[in-house]
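# Residue-level structural notes
Spelled out from the first residue to the last, the chains are:
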Amino acid sequence: RFVIHYDMPKSLEGYYQETGRAGRDGGEGQCIAFYSDKDLEKLEKFMQGKPVSEQEIGKQLIAETAAYAESNICRRKLLLHYFGEEYGEDNCGNCDNCLNPKKQIDGQDLLCTVLETIIAVKEKFKADHIIDVIMGKDTSTVKAYHHDDLEQYGIGEKESECVWKAVIRQGMIAKFIDKEIENYGLLKVTESGRAFLANPTTFMIIKDNEYD
């Protein structure tokens, strides 16, 4: 009756096929998936050394899985749409997004801060370092590269690390930020990201639910 994903699959096709195993007898199936961006980093590492064309396909599949996991839209509606079907209801009354809607905030300024910081450090650092700079953390790497002298240093100290991670993850899903798998996961600002910086618009960030 249950399908539990301890790690997220590397594609929505895999997820859809595996979750279907609980309902093959026509009965109700309960599907639980534990999601962390660390899961996706592990999948990305497996792609290192593979041909560029294979990496591009793999990155797209992982991005689609991340988009599904991070979405605040009805899971059933999103999954059926992915496979070319339509679900007419806005609320299925069953998935986590319908039962416990996530909070959203306008992350326009937050995303601009992230993009500006990535550019300020010459697109040569990973997400953790970008967050350290924005939050004003006095790490050895920040000091070694004199990033505590940057205009962006400490500008986002009032926000939690969880929020900044969400901004970066969802910025990647929106294709404003790219992560170079072959190059240690360094963050780059895409052409779309630079266009967003030049003309910022509303960018809704989904905050993680906090459970007692």
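Here we summarise the structure given alongside this text.

### Things to note about helix α4 (residues 75-82)
The complete set of buried residues in α4 reads Arg75, Leu79 and Leu80. Taken end-on, α4 shows its buried residues confined to a sector of 120°, consistent with a single buried face. If you follow the buried residues of α4, they end up packed against α1 (12-19), α3 (52-70) and α5 (96-99). After α4 finishes, the residue glycine 84 shows a positive phi value of roughly 80°.

### Focus on the nonpolar core
One finds Leu111, Val114, Ile130, Trp164, Val167 and Ile177 to be the most contacted residues of the largest nonpolar core, which totals 24 residues. Top contributing element to this core by residue count: helix α6 (residues 108-120), with 6 residues. What valine 114 contacts, discounting residues up to four positions off in sequence, is Ile130, Ile134, Trp164, Val167, Ile168 and Ile177.

### As for the packing of aromatic side chains
Inspection of the entire model under this criterion finds 7 aromatic pairs. Relative to phenylalanine 83, the ring of tyrosine 82 has its centre 5.0 Å away and its plane inclined at 85°; by these criteria the two rings are edge-to-face. Residue classification places tyrosine 82 among the partly exposed positions, given a relative accessible area of 28%. On the basis of relative accessible area, phenylalanine 83 is assigned to the partly exposed category, the value being 32%. Aromatic side chains phenylalanine 176 and phenylalanine 196 sit 5.0 Å apart centroid to centroid with 40° between the ring planes, which places their arrangement in the tilted category. In this pair, phenylalanine 176 sits in the loop between α9 (161-173) and β4 (177-180) while phenylalanine 196 sits in helix α10 (residues 191-198), placing the two residues 20 residues apart along the sequence.

Cut-offs and rules
Residues numbered from 1 in each chain as written. Predicted model: local features only at pLDDT ≥ 70, side-chain atom pairs only at ≥ 80, totals over all residues. Heavy atoms only, no water. Buried < 20%, exposed > 50% of the residue type's maximum accessible area, 1.4 Å probe, protein only. Helix = DSSP H or I, 4+ residues; strand = E, 2+ residues; numbered from the N terminus. Arc of directions from axis to C-beta. Contact = heavy atoms within 4.5 Å. Core = buried A, V, L, I, M, F, W, Y, C linked by side-chain atoms within 4.5 Å. Phe/Tyr/Trp six-rings, centres within 6.5 Å; stacked < 30°, edge-to-face > 60°.

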